[in-house]
Amino acid sequence: MPEFPRKVLGLLLILAAVGVASWQALAVSCSSPASAAAETARHTAAPR
Amino acid sequence: MIRVLALVAILTAIAVLIFVVRSKLLGSREERRSIPRQPTPATGLLMFLLTVPVLVAAVIAMARGLLVPMIGNAVGYALLVCGAWLLWRGLVAEAAYSHRLVAKTPWPLKAIGGGLIGLGTGLTAWLGVGHHPGIAFAFGLVALLGCRLFYGGDPGEAKRVTAASGLDTTDQVLAALAQAERSIAAVEQSSRDVRQPELNQRLRRVAALAREILTLLEEDPRDLRRARKFLNVYLDGVQRVVEGYARTHQRAASPELDANFRRVLTSIEEVFQEQRQKLLESDIMDLDVQIEVLTSQLKREGLL
């Protein structure tokens, strides 16, 4: 793949993964404590 | 009011973080001079900036007593910052590798950095955000792929050199060049303690000439024996003289010492220029003779 489109695609993927995860983490921390804790506990609990 | 103060504190902390990271990424003046084509700091800064919200999230989660998000964000942030730092070091190593004519295969720092960023992103998405582990894994994978595409891979092969006998002398050449580079850096470091502008300028010229000679030796490192002799005798001698002068000069100013040092520097500069010329003409035999002449001259002056 040529260098320019490769870099643009790479940058988009980084923004989509690292950027989105970072801002979502911040949004969850700023949301109400009860909902944030429940949301985290729901997905970190052992799968049944 | 408290919210405004908190916002100002967070913005100040982010500004300080950006300033510190940027100055670290730019590196020392010597490092920038030895690698002319450094990667742009913005490339490295991007990853550090993207991770800042995770740090803020970890602090907020701690303040609100959310244990799991706090641990997830804190560990995720640590992994992301380590990964960003390794990616930057990988870019610098790649620039040095491209600049050098003889080089070992650098450590796969970009690959390790990308892996840590993928891991940090996945962990943040899982414990910090609360995504399903499968989704968090996808986040990590996309981050890893993005790093691989944006920053590229690590250099794979060493740039080797073989002697006339056919032996691989890459390690010896690299060790000699690294030692010479250290000596030049020590000369530049000591020259900062010399307050006289004229002597300072001469020292800078000597260091620049030494770097040029190193480049020429790197271009044609086949005769390692003579190259090593030049590097050890010349640069070690110059380093000791300059360090000794800088030390003595700080304690007591002496016009006689200054005059002697000026004379030595003048002869070193002249001989270095001749050496560069000789190397350009590939006259290795003359180079050896000149080394002997300078050695005995330095010995006569009591400097070796």
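All of these numbers come straight from a predicted model, not from anything done at the bench. (Residues numbered from 1 in each chain as written. Chains lettered and ligands numbered in written order. Predicted model: local features only at pLDDT ≥ 70, side-chain atom pairs only at ≥ 80, totals over all residues.)

Enquirer: It is not clear to me how the overall build of chain A should be interpreted in this structure. Could you clarify?
Expert: Along its length, chain A carries two helices and zero strands. Of all 48 residues assigned to chain A, the portion counted as buried reaches 29%. (Helix = DSSP H or I, 4+ residues; strand = E, 2+ residues; numbered from the N terminus. Buried ≥ 20, exposed ≤ 12 C-beta atoms within 10 Å, placed from the backbone.)

Enquirer: What exactly am I supposed to notice about the overall build of chain B here?
Expert: The helix and strand inventory of chain B stands at 11 helices and zero strands. Considering chain B as a whole, with its 304 residues, one finds that 34% of them fall into the buried category.

Enquirer: Whenever I open this one, the interface of chain A and chain B confuses me. Can you help?
Expert: Between chain A and chain B, the contact holds 28 residues from the first and 31 residues from the second. For the side of chain A that touches chain B, the secondary-structure elements that each account for two or more residues are α1 (3-30) and α2 (33-44) of chain A. When residues of the side of chain A that touches chain B are assigned to their parent elements, the largest contribution, 20 residues, is made by α1(A). The class makeup of the residues in the side of chain A that touches chain B is 16 nonpolar, eight polar and four charged. (Contact = placed C-beta atoms within 7 Å. Nonpolar A, V, L, I, M, F, W, Y, C, P; charged D, E, K, R; others polar.)

Enquirer: Help me understand the nonpolar core in this model?
Expert: Burial of nonpolar side chains together is a common tendency in soluble globular proteins. Residues A17(A), A58(B), A84(B), L87(B), I117(B), A143(B) and C147(B) are the most contacted members of the largest nonpolar core, which totals 45 residues. For this core, the element with the most residues is helix α4 (residues 67-99) of chain B, which contributes 11 residues. Those residues in contact with A84(B) that lie beyond four places of it in its chain are G44(B), M47(B), F48(B), T51(B), G113(B) and I117(B). Counting residues in each nonpolar core, the second largest holds 28 residues, with V161(B), A176(B), A207(B) and A210(B) among its members. (Core = buried A, V, L, I, M, F, W, Y, C linked by C-beta atoms within 7 Å.)

Enquirer: What should I look at first to understand helix α3 (residues 41-63) of chain B in this one?
Expert: Owing to its 3.6 residues per turn, the α-helix aligns residues three or four sequence positions apart on the same side. Residue and element names in this part refer to chain B. Counted at 1.5 Å a residue, the expected span for α3 with its 23 residues is 33 Å, and the 33 Å between its end C-alpha atoms agrees. Helix geometry: α3 is bent most strongly at T51, by close to 30 degrees, with proline P53 lying one to four residues after it. Where α3 is concerned, the buried positions are G44, M47, F48, L50, T51, P53, V54, L55, A57, A58, I60 and A61. (Expected span 1.5 Å × (residues − 1). Bend = angle between axes of the 7 residues up to and from the residue.)

Enquirer: What's the story with the environment of V271(B) in this structure? I'm lost.
Expert: Residue and element names in this part refer to chain B. Turning to its location among the elements, V271 is positioned in helix α10 (residues 255-280). The class for V271 is partly exposed, based on 19 C-beta atoms found within 10 Å. The sequence separation of V271 and Y234 amounts to 37 residues, and the corresponding C-alpha distance is 9.9 Å.

Enquirer: It is not clear to me how the packing of α1(A) against helix α6 (residues 133-151) of chain B should be interpreted in this structure. Could you clarify?
Expert: When two helices pack together, their arrangement is given by the angle between the helix axes and the distance between those axes. At a minimum axis separation of 7 Å, α1(A) and α6(B) run at an interaxial angle of 150 degrees. For the pair α1(A) and α6(B), the crossing hand works out as left-handed. From α1(A), R6(A), K7(A), L9(A), G10(A), L11(A), L13(A), I14(A), A16(A), A17(A), V18(A) and A21(A) reach across to α6(B), where they touch F139(B), V142(B), A143(B), L145(B), G146(B), C147(B), L149(B) and F150(B). Residues of the contact of α1(A) with α6(B), tallied by class, amount to 15 nonpolar, two polar and two charged. (Axes fitted to C-alpha atoms, helices over the stretch in contact; angles between N-to-C directions. Left-handed = near helix turned anticlockwise from the far one by under 90°.)

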